Amino acid sequence: MKKTLRLILGDQLNTNHSWFTTVDETVTYAIMEIRTETDYVQHHIQKVVGIFAAMRSFANELKSNNHNLIYLSLNDKSNLQSFSNNIKNLILEHQFTHFEYQLPDEYRVDQDLKQLCNSISITSAAVDTEHFFTSRNELGDFFEGKKTFLMESFYRAMRKKHFVLMEGDKPLNGKWNFDSDNRKKLPKEHKPTSPLVFDNDVSEILFEINKTNIKTIGSIDAKNFVWPVNREQSLALLDFFATECLQLFGSFQDAMTPNEWSLYHSRISFSMNIKLISPKEVIDRVTFEWNKRSHEIEFHQLEGFVRQIIGWREYMRGIYWNQMPNYSNLNFFNNLEKLPSWYWTGATKMNCLKDSINQSLQYGYAHHIQRLMITGNFALLAGIHPDEIDAWYLGIYIDAFEWVQITNTRGMSQFADGGIVGTKPYVSSASYIDKMSNYCGSCYYKKAIKTGDKACPFNSLYWNFYDKNESKLAKNPRIGMMYNVWRKMKPEDISALLEQADYYLKNINDL
């Protein structure tokens, strides 16, 4: 008799997958908590706990629906701590005759499972996760023969193909992109909506992790874990965003302010990335809300969010599968420095970095501008090796999986890919940070001072970055203006800026 073993990864918790439409007594599912996944990078404790909690909840759901299931917990004596060793052991122990898995989203796991299938004597097959709008190769096919991979072109094609925010073959409301309407600073007197959080008790999982030597970062309240760990909670968080946050999401999506970790962001990326909810469900829900309340929700609020889901998220995944594994080695600026020690503690006098890092350590989360224009911006200005910042982002954020993290970090944030993802490096001085945040007013450093005592480090490091990388950037049409400004400066002002930057870089752990 045919006996099939199906592997479910920790980021494949999709109850709507066609695998589960029928109960088959000849099929057994396997879910496993393993050290190769907890240890390949130093993760935030909330990320490890959150994924394990979601896996266990998903396993309970499968069992309640009468599916056969083998669940290997972290400290199970029969757990061999890798996909390959566990699968081989289960095949031998239970006499399975066929093995199946859903296509992994991460290259390293994809390679591991391909090697596993080549090494076992039974038949095997891989199926789609049925989650994304696109296939792995769709972006590569779309841009075949093109020198650049322009996200906007891909986004428009996705809108047309899936008929999202369309009126016939034209974009709804006359244009494709309303990003220019989505760059407002949060007024000082404005109090954002209090975020929806959960009070999941994950103390048992934390106890099991603490019995091991797994190294993690960050903090956790195990009795009141705030992140969704099942589909029901994920849908509740999506509903909260649609009803309470969507109306101001676009306007303030780039805004930053101290002690407000959620603002009007959806915070559904963790749920989406472990597939508790699908991107189509997300877009359908927010579009429904806008249709119902278009008199009070401006269109640019909706379009800005939809662009992140059907545009940016799918685009980044396409870049990943088109460019890996070489992408993980790109270092366009040949940056070689180590991350400052305070990236792991938040103990810096720079308000923007202190707030963004401490928030990340407390919640395993920061929104996209904190990641891009605060922690990422500083790392690029400081010449940090892309491997260093990659590992930090992949570890510290609860929603970070390599397929979406590395293209955002090494590409968008660090420009280490030399322009595959972004058309210019995303760097700034203090002026941009002050424009989009309320960090600068109470900072130890002074935003308007470029050199001397208490000069904001972003100011001198910004010009030092352009000076250092002029041979690689001077011909970039999007930043030529900055070199014109640089060349018109007085020689003594240029020297002072470079000396200030050199001093800060040599004393980076004390900033």
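Not measured: the values here are computed from a predicted model. (Residues numbered from 1 in each chain as written. Predicted model: local features only at pLDDT ≥ 70, side-chain atom pairs only at ≥ 80, totals over all residues. Heavy atoms only, no water.)

A.B. asks: Can you help me understand the environment of D181 in this one?
C.D. replies: Structurally, the position occupied by D181 is in the loop between strand 8 (170–171) and helix 7 (203–210). We classify D181 as partly exposed; its relative accessible area is 33%. Along the backbone, D181 and Y343 are 162 residues apart, and their C-alpha atoms lie at a distance of 32 Å. In contact with D181, other than residues within four places in its own chain, are S251 and H300. (Helix = DSSP H or I, 4+ residues; strand = E, 2+ residues; numbered from the N terminus. Buried < 20%, exposed > 50% of the residue type's maximum accessible area, 1.4 Å probe, protein only. Contact = heavy atoms within 4.5 Å.)

A.B. asks: Just to check I follow, could you spell out the side chain of N351 for this structure?
C.D. replies: Mapped onto the elements, N351 comes out in helix 12 (residues 351–363). The class for N351 is buried, based on a relative accessible area of 13%.

A.B. asks: Just checking my understanding: could you explain the sheet that holds strand 1 (residues 4–7) for this structure?
C.D. replies: Two modes of strand pairing occur in sheets, parallel and antiparallel, and in both the strands are linked by backbone hydrogen bonds. Ordered in space as 4-2-1-5-6, the five strands form an open sheet in which the pairing is parallel. Looking along the sheet, the strands with just one partner apiece sit at the ends: strand 4 (68–72) and strand 6 (123–127). This sheet shows a mean twist of 20° between the axes of neighbouring strands, independent of strand direction. Sheet topology note: the strand 2 (residues 27–32)/strand 4 ladder contains five bridges and is parallel. The residue bridging T28 from the neighbouring strand is N68, located in strand 4. Along the sheet, helix 2 (residues 45–64) makes contact with strand 2 and strand 4, crossing strand 4 at roughly 155°. (Pairing = 2+ DSSP bridges. Axes fitted to C-alpha atoms, helices over the stretch in contact; angles between N-to-C directions.)

A.B. asks: What is the right way to look at the packing of helix 6 (residues 151–162) against helix 11 (residues 299–323) in this model?
C.D. replies: When two helices pack together, their arrangement is captured by the angle between the axes and the distance separating the axes. Between helix 6 and helix 11, the least distance of the axes is 9 Å, while the angle of their chain directions is 105°. Considered as vectors, helix 6 and helix 11 are oriented roughly perpendicular to each other. The residues of helix 11 that touch helix 6, namely those facing M151, F154, Y155, M158, R159 and H162, are E303, R307, I310, G311, W312, E314 and Y315. Residues belonging to the contact of helix 6 with helix 11 are distributed by class as follows: seven nonpolar, two polar and four charged. (Parallel < 35°, antiparallel > 145°, perpendicular 65-115°, else oblique. Nonpolar A, V, L, I, M, F, W, Y, C, P; charged D, E, K, R; others polar.)

A.B. asks: When you look at the pairing of strand 6 in this model, what are you seeing that I'm missing?
C.D. replies: Regular strands place their side chains on alternate faces of the sheet. Of the pairings in the sheet, the one linking strand 5 (residues 98–102) to strand 6 comprises five bridges and is parallel in character. Note on strand 6: the bridge partner recorded for Y101 is A126. Read as a crossover between parallel neighbours, the route from strand 5 over helix 4 (residues 107–119) to strand 6 is right-handed. (Right-handed = clockwise from strand over helix to strand, strands pointing away.)

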